[in-house]
Amino acid sequence: MPHLGLVTVVVRDYDEAIAFYRDALGFELLEDTPIDSEKRWVVVAPPGARETAVLLARAATGDQEARIGDQTGGRVGWFLNTDAFERDYERMRAAGVTFEEAPRREPYGTVAVFRDLYGNRWDLIQLNARARQDGML
């Protein structure tokens, strides 16, 4: 069955992006392979992720640089699921992650919007039992 393997986040610098995703978000560095003198294949993912990971792609053109931090037109573009919202929320805040709001309860679970180091918007989300049962990702 097909599945989504990688999603790309355009970044300014490989090493600063790795540090943020690893140290602030708690992701694992799965691969960091040089392709040539300028380009690397850098993949990160939350611990235990089985299917989808994030490709950190350094901007190579002016058009790509202009999209750093606003890849989704200001909308939340990524959803980081957790099984322990308070633990991850507090750990991320202590690591310097900027949350736009206090955690809020929704019919599907607990959520708070945060920004990555470039300004892209993410949801930290813990689905409740009903949402998981209904197949909400």
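Attention here is on the structure that accompanies the text. Starting from 1, residues in each chain are numbered consecutively following that chain's sequence as written. Residue-level local features of this predicted model are given only where pLDDT is at least 70; pairs of side-chain atoms are given and counted only at 80 or more, and the full residue set underlies all totals for whole chains, interfaces and linings. To get the side-chain values, take all heavy atoms of the structure and skip hydrogens and water.

**Side note on the nonpolar core**
- Formed by 29 residues in total, the largest nonpolar core has its most connected members in Tyr-21, Leu-56 and Phe-114.
- A run of DSSP states H or I qualifies as a helix once it reaches four residues; a run of E qualifies as a strand once it reaches two. Both are numbered from the N-terminal end. Of all the secondary structure elements, the ones that give two or more residues to this core are strand S1 (6–11), helix H1 (14–24), strand S3 (40–45), strand S4 (53–58), strand S5 (76–81), helix H3 (85–94), strand S8 (109–115) and strand S9 (121–127).
- Throughout, a contact is declared for two residues whenever any of their heavy atoms are within 4.5 Å. If sequence neighbours within four positions are ignored, Phe-114 has contacts with Leu-25, Leu-80, Met-92, Val-97, Thr-98, Phe-99, Glu-100, Asn-120, Arg-121, Trp-122, Asp-123 and Leu-124. Throughout, nonpolar core names a set of buried Ala, Val, Leu, Ile, Met, Phe, Trp, Tyr and Cys residues whose side chains join them through atoms within 4.5 Å. Note on classification: 1.4 Å probe, protein chains only; a residue is buried when its accessible area is under 20% of the maximum for its type, exposed when over 50%, partly exposed between these limits.

**Considerations on the environment of Val-7**
- Structurally, the position occupied by Val-7 is in strand S1.
- For the pair Val-7 and Asp-70, spaced 63 residues apart in sequence, the C-alpha to C-alpha distance is 15 Å.

**Focus: the side chain of Asp-88**
- Following the sequence through the fold, Asp-88 ends up in helix H3.
- Each residue touching Asp-88, except ones within four places of it in the same chain, is listed here: Thr-82 and Leu-124.

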